[in-house]
Amino acid sequence: MPAEVPALTSVLATLGDDHVLTLTLNRPDRLNSFNQEVLDDFRAIWDFAAVTDDVHVVVLRAQGERAFSTGVDVVEGYDLAKEPLKQVDPAAYLSPKFNQCWKPLVCAVHGMAAGGALYWLNEADIIIAGEDATFFDPHVTFGMTAALEPIGLARRIPIGEVLRMALLGNDERMSARRAHEIGFVSEVVPRDRLWSRAQDIAERIARHPTVAVQQTVRAIWESLDSTRTQALRTGLLYVQVATPPGTSRTQPATRGGYEVR
C-alpha cells in the first residue's frame, strides 16, 4: 500500500500504486487562488513528498472551468508579519525546489494562470497546457510591483517576454500557443485530454529509477545558480551518487531485457 498522504484543507491529494502523487487545487469558487490554508497545505505536501519513497513524481492540476490559479486570494489574503522585513514570500510555502523537494513536478494548466500561480509554474519540471490556457501577471495593473514571480519566470523564458507580461499586466494574456512557441509549456493539448496526458507523462517518469531521476532534477536546477565549471563539478557528484555501485557507465543501458542506445 502507498504511504498515507497528510490531511489537507484546500488541496485534493492522492497517491497511487503508480507512485504518482496527484494534487488538485480545490477552490474553484475562488479561481483556485491561495490563502493561508493553501500555503500551509503546500508546505505539508512538499515536506511529505520530499521524504516519502513512494512518491516518484508529482502532478499539479486544478478544479473548475475558469482557472488553474489566479494567485493570491485578494479577499482572504494570507498571514503577514507586522514588520515588513520579517514577512515571508509565498514561495517559502508553494515552491517545491525552495522546499528542497526534488521529485519531478508536472503541471497541467487550464484557463487562467495569473500572478502567484507562477510560483508553481516557475519551478515545474514539465508544463503542459490545455488549448484554453492563458498566462498573465496583473500586479502593475493594481499598482503593485511585479518582481518575485517575473524574476523566477526569467529563468525559463526570454527576458523580453517576461517584461512584456510584467509591464502589460491585465491588458494582455499570453496564449497557450505563444507559451509553447517560447518554450514555457512543452505541449498543448485539447482541454479534455489535459489531465490524462499529464498522468501519462508522470507515469512514464515514475517508472525510471527514482534516485537517478531526483538527482537529474537537482543537478539541472542547481546549475542555474552556479557557474558552468561549478555546475559540472556538482553534477558529476550527483552522477556518482545516482549510479548504483558496480554498474559500469560504459555498458549500454537496458530496458525490458533489450539494449537501449
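Every chain is numbered independently, its residues counted from 1 as its sequence is written. Only residues with pLDDT of at least 70 are given local features in this predicted model, and only at 80 or more are side-chain atom pairs given and counted; all residues enter the totals for whole chains, interfaces and linings. Side-chain numbers here rest on the full set of heavy atoms in the structure, without hydrogens or water.

Caption draft 1: A look at the domain arrangement of the protein chain. Segmentation of the protein chain into domains returns domain 1 (11–80 + 87–207) and domain 2 (210–242). Contact with domain 1, which involves 13 residues of that partner, is made by nine residues of domain 2. Every case where a carboxyl oxygen of Asp or Glu lies within 4 Å of a side-chain nitrogen of Lys or Arg is listed as a salt bridge. Summed over the shared surface of domain 1 and domain 2, the number is one salt bridge. In this structure, Asp 225 and Arg 155 form a salt bridge, with 3.5 Å as the shortest nitrogen-oxygen distance. When residue character is reported, Ala, Val, Leu, Ile, Met, Phe, Trp, Tyr, Cys and Pro are called nonpolar, Asp, Glu, Lys and Arg charged, and the others, Gly included, polar. For the side of domain 1 that touches domain 2, the per-class residue count stands at four nonpolar, three polar and six charged. Throughout, the edges of the domains are those of an automatic or database domain assignment. Here, residues are in contact when the closest pair of their heavy atoms is within 4.5 Å.

Caption draft 2: Representation of the environment of Ser 223 within the structure. Working definition: helices are DSSP H or I runs of at least four residues, strands are E runs of at least two. Numbering for both runs from the N terminus. Turning to its location among the elements, Ser 223 is positioned in helix H8 (residues 210–223). Of note is the side chain of Ser 223, whose polar atom sits 2.5 Å from the backbone oxygen of Ile 220. For this analysis, a polar contact is any N or O atom pair within 3.5 Å, provided that within protein one partner can donate a hydrogen and the other can accept it, and provided that sequence-adjacent residues contribute only side-chain to side-chain pairs.

Caption draft 3: Just the pairing of strand E3 (residues 57–62), in detail. Residue exposure (1.4 Å probe, protein chains only): buried if accessible area is under 20% of the type maximum, exposed if over 50%, otherwise partly exposed. Within E3, six of the six residues are buried, which leaves the element mostly enclosed by the surrounding structure. Side-chain alternation along E3 places Val 57, Val 59 and Arg 61 on one buried face and Val 58, Leu 60 and Ala 62 on a second face that is also buried. One bridge is not enough; two strands pair if DSSP finds at least two bridges between them. Bridging between strand E2 (residues 20–25) and E3 involves six bridges; their strand directions are parallel. The residue of E3 that forms the bridge with Thr 24 is Arg 61. Look down the strands so they point away from you; if going from the first strand over the helix to the second traces a clockwise path, that crossover is right-handed. For the handedness criterion, the β-α-β arrangement of E2, helix H1 (residues 36–51) and E3 is classed as right-handed. Pairing of E3 with strand E5 (residues 105–109) involves three bridges; the strand directions are parallel. Residue pairing across strands places Leu 60 opposite Cys 107, the latter belonging to E5.

Caption draft 4: Quick peek at unusual backbone geometry. Residues other than glycine seldom take positive phi values, yet His 19 does so here, at roughly 70°. Mapped onto the secondary structure, His 19 falls in the loop between strand E1 (11–15) and E2. Residues other than glycine seldom take positive phi values, yet Gln 100 does so here, at roughly 60°. By the secondary structure assignment, Gln 100 is in the loop between helix H2 (91–94) and E5.

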